[in-house]
Amino acid sequence: MERMKKTAMRASLPDFDGDELMKLISDMIMLDKEWVPYSNTSSLYIRPTLIGTDPTLGIDFSQQAKLFVLTGPVGTYYPTGFQPVALLADPEFVRAFPGGVGGCKMGCNYAPTIMVGKLAQDMGCQQALWLYDSDEKITEAGTMNIFVYWINEQGEEELITPPLTDGLILPGVTRDSILEIANEWKKFKVTERYPTMAEIKRSLKEKRLLQMFGSGTACVVAPVNRILYKNIKTNEYENLQIPTMEARPNFMLHFYNTIMDIQVYKHL
Ligand SMILES: *Cc1c(COP(=O)(O)O)cnc(C)c1O
């Protein structure tokens, strides 16, 4: 609700009462409750949406807006177990930039990514790995936040994810949950900073890169097992294999199970 209100403000859409919207959504689910699957593996996807509806051509503050909530029953994201994804990392494409709206869930962030997603698919990958700046910082994967679990250059086990400090990263709720769980476990160092492509390549070469995964509401976690990296200095593609599926302990799986156990009410 906080993220949606922040996004509404940035898009000059009217503010609204988040607690009231929560109550409306709860009432809507009570009315629609037979659409909620009687199952531990499927769920009801809820998408609150806010759009301006002024009948004008000009670009101005919205005087009229519509807030509506779409719901739909969805099946399990992983019907046959985790399906790892391959990511196309092409530094020529940028998802977000300082001063922009990458940190907001705003419609305009998604249309320009569809073509890049298609290019990724044409190259045998599933999604784009979004890089930023000349040092090729890793920012996000498709519409997911990204996590890297490695042995860092100081020899420490570390979970790392990009920070929310410069507006490039969408503040994912799943990202926040993973950080909170990791800090509770205290099994390894937890750091919010950008990994760069050079660091990823070096850690792979030195066999220090253990897992890489995306995070988001729909999938919870999505293993990354390959990066197809376009080296713009040589104009050649480099195929980087990530041992996410083989790594033990499998912390990515522990995050998934912990979050599913919180979300799914089990009848004992
Ligand atoms: C929605 C989204 C995420 C994930 O956010 P969750 O709240 O965890 O679902 C991450 N990155 C982008 C670009 C997104 O649109």
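Identification of the chain as Branched-chain-amino-acid aminotransferase from Acrobeloides nanus is taken from an unreviewed UniProt entry. In the Cofactor (unreviewed entry) part of its UniProt record, the chain is described as follows: "pyridoxal 5'-phosphate". For the record of the chain, the UniProt heading Sequence similarities (unreviewed entry) holds the text "Belongs to the class-IV pyridoxal-phosphate-dependent aminotransferase family."

Draft legend 1. View of helix H4 (residues 173-185). Over its 13 residues, H4 runs 18 Å from end to end, which matches the ideal 18 Å to within 8%, given 1.5 Å per residue. Where H4 is concerned, the buried positions are Thr174, Arg175, Ile178, Leu179, Ile181 and Ala182. Projected down its long axis, H4 carries its buried residues within an arc of 165°, all on one side. Among the exposed residues of H4, those pointing more than 90 degrees away from its buried face are Val173, Glu180 and Glu184. On its buried side, H4 packs onto strand S6 (144-151), strand S7 (157-161), strand S8 (189-192), strand S9 (209-216), strand S10 (220-231) and helix H6 (251-263). Looking one or two residues beyond H4, the residue adopting positive phi is Lys186, at roughly 55°.

Draft legend 2. Focus on the pairing of S9. The buried fraction of S9 is high, at seven of eight residues. Two elements, S9 and S10, share four bridges in a ladder whose sense is antiparallel. Across the sheet, residue Phe213 finds its bridge partner in S10, namely Pro223.

Draft legend 3. Molecular detail of the site of the ligand. Around the ligand, a shell composed of 15 residues is seen, among which Lys105, Tyr110, Glu140, Thr174 and Thr217 lie nearest. One nitrogen or oxygen atom from the main chain of Val173 is found 2.8 Å from an oxygen atom belonging to the ligand. Here an oxygen atom of the ligand sits 2.7 Å away from a polar atom, N or O, in the side chain of Thr174. When the ligand is considered free in solution it has 380 Å² of accessible area, and contact with the protein chains removes 95% of it.

What counts as what
Residues numbered from 1 in each chain as written. Predicted model: local features only at pLDDT ≥ 70, side-chain atom pairs only at ≥ 80, totals over all residues. Heavy atoms only, no water. UniProt positions renumbered as here; feature names shortened; annotations may be inferred. Helix = DSSP H or I, 4+ residues; strand = E, 2+ residues; numbered from the N terminus. Expected span 1.5 Å × (residues − 1). Buried < 20%, exposed > 50% of the residue type's maximum accessible area, 1.4 Å probe, protein only. Arc of directions from axis to C-beta. Contact = heavy atoms within 4.5 Å. Pairing = 2+ DSSP bridges. Near = heavy atom within 4 Å. Polar contact = N/O pair within 3.5 Å; in protein donor to acceptor, adjacent residues only side chain to side chain. Areas by Shrake-Rupley, 256 points an atom, 1.4 Å probe, with all protein chains shown as cover.

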